[in-house]
Amino acid sequence: MKEFSGKIAVITGGGTGMGRELARQLVAQGCNVAMCSLSADAMAETMRLCELERPPQGLRVTTHVADVSIEDQLKRFRDELTEQQQTHKIHLLFNNAGISGGGSLFTNTREQWERTFNICWSGVYLGVRTFLPMLMKANEGHIVNTSSINGFWAAIGTTAPHTGYSSAKFAVKGFTEALINDLRLNAPHIKCSVVMPGMVGTSIVSNSRRVQTGSDRLSNDEIARLRKLGV
Ligand SMILES: NC(=O)c1ccc[n+]([C@@H]2O[C@H](COP(=O)([O-])OP(=O)(O)OC[C@H]3O[C@@H](n4cnc5c(N)ncnc54)[C@H](O)[C@@H]3O)[C@@H](O)[C@H]2O)c1
């Protein structure tokens, strides 16, 4: 897809980081954006930055609080955007929301492990399930699923376990690659891509900690590990 003007994009995790930057750049090119995240305040800041791009009159940017790992919340997001964007179709779906953490079967709780896995994997899978009918109604569509370098290599070094995040990101890569053929056979007007970022300087570590523990403060172990990685 080369032209974004007048199109409608859904972005999960639009409150900060790469999701925020996607929203800003799409709005700058005249694309309507509906984003979800866990924090209304973070999305308000994304909205403010989008407005600085001087979007054309009539362009819609809407924000929706929804947890991508919970299907009912994604369905509510879809219903809200249908009403607020006055549309039954979308052209772009960025399944971007994700958290790190949940690395160990030994030192993390099962709840922490599954929280990471469910956001990073189920968030992508449920995002596609929820929005596919709206993509089907557009004349062209594109799904962009965010995996990670940890979808190629299941490690962030030999000193830190990384099982929950890596398994989810491998699943996102495999799912998206298989989806290319499913779409080619059954909905050829929709394409899909997988993004495999290396390290990007966002606030993912503190955001993830807040989701996992309710606090942004890093433990001494985490600070030492991040220093070793050069973050
Ligand atoms: N930053 C990196 O180095 C890096 C590297 C590889 C992959 N990634 C991936 O890129 C994506 C974006 O990460 P980022 O670096 O911009 O991080 P970020 O923390 O800045 O952005 C992620 C956004 O997702 C939101 N989010 C988290 N859990 C959610 C949930 N359950 N429901 C809805 N929204 C939720 C957060 O509130 C946040 O706004 C993630 O999938 C991440 O795994 C990041």
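This is a predicted model, so every value here is computed, not measured.

Attention now moves to the site of the ligand. In the region of the ligand, 28 residues are neighbours, and Met18, Asn96, Tyr165, Val200 and Thr202 sit closest. Thr16 places a polar side-chain atom, nitrogen or oxygen, 2.8 Å from an oxygen atom of the ligand. Contact with the protein chains covers 95% of the free accessible surface of the ligand, which is 820 Å². Those elements that provide at least two residues to the shell around the ligand are α1 (17–28), α5 (163–186) and α6 (204–213). Class assignment for the residues of the shell around the ligand results in twelve nonpolar, 14 polar and two charged.

A full pass over the atoms with the stated rule returns nine salt bridges. Linking Asp79 and Arg78 is a salt bridge whose minimum nitrogen-to-oxygen distance equals 3.2 Å. Accessibility expressed as a relative area gives 43% for Asp79, which makes it partly exposed. Each of Glu21, Arg24 and Glu53 takes part in salt bridges that share partners, so that together they form one network.

Below, the discussion takes up α1. In this model α1 runs 17 Å from its N-terminal to its C-terminal C-alpha over twelve residues, within 8% of the 16 Å that 1.5 Å per residue would give. Looking only at α1, the buried set comprises Gly19, Arg20, Ala23, Leu26 and Val27. Mapping the buried residues of α1 onto a view down its axis gives an arc of 135°, with all of them on the same face. Buried residues along α1 sit against β1 (8–12), β2 (32–37), α2 (40–52), β3 (61–65) and β4 (92–95).

The contact between α1 and α2 brings their axes to 9 Å, and the two run at 30°. Here α2 runs roughly parallel to α1, going by the angle between their axes. Helix-helix and strand crossings are classified by hand; for α1 and α2 the assignment is right-handed. Across from Arg20, Ala23, Arg24 and Val27 in α1, the residues of α2 making contact are Ala42, Glu45, Thr46, Leu49 and Cys50. Considering only residue class, the contact of α1 with α2 consists of five nonpolar, one polar and three charged.

This part covers the sheet that holds β2. In any sheet, the strands associate via hydrogen bonds between backbone groups, in a parallel or an antiparallel arrangement. On the basis of which strands lie adjacent, the open sheet formed by six strands has the order β3-β2-β1-β4-β5-β6 and parallel pairing. Strands at the two margins of the open sheet, each flanked by one partner only, are β3 and β6 (190–195). With direction set aside, neighbouring strand axes in the sheet form an average angle of 15°. In this structure, β1 lies alongside β2, joined through five bridges in parallel fashion. Residue pairing for β2: Val10 is matched across the bridge by Ala34.

Unlike most non-glycine residues, Gln86 shows phi in positive territory, near 50°. The exposure class assigned to Gln86 is exposed, which follows from its relative accessible area of 62%.

Calculation notes
Residues numbered from 1 in each chain as written. Predicted model: local features only at pLDDT ≥ 70, side-chain atom pairs only at ≥ 80, totals over all residues. Heavy atoms only, no water. Near = heavy atom within 4 Å. Polar contact = N/O pair within 3.5 Å; in protein donor to acceptor, adjacent residues only side chain to side chain. Areas by Shrake-Rupley, 256 points an atom, 1.4 Å probe, with all protein chains shown as cover. Helix = DSSP H or I, 4+ residues; strand = E, 2+ residues; numbered from the N terminus. Nonpolar A, V, L, I, M, F, W, Y, C, P; charged D, E, K, R; others polar. Salt bridge = Lys/Arg side-chain N within 4 Å of Asp/Glu carboxyl O. Buried < 20%, exposed > 50% of the residue type's maximum accessible area, 1.4 Å probe, protein only. Expected span 1.5 Å × (residues − 1). Arc of directions from axis to C-beta. Contact = heavy atoms within 4.5 Å. Axes fitted to C-alpha atoms, helices over the stretch in contact; angles between N-to-C directions. Parallel < 35°, antiparallel > 145°, perpendicular 65-115°, else oblique. Left-handed = near helix turned anticlockwise from the far one by under 90°. Pairing = 2+ DSSP bridges.

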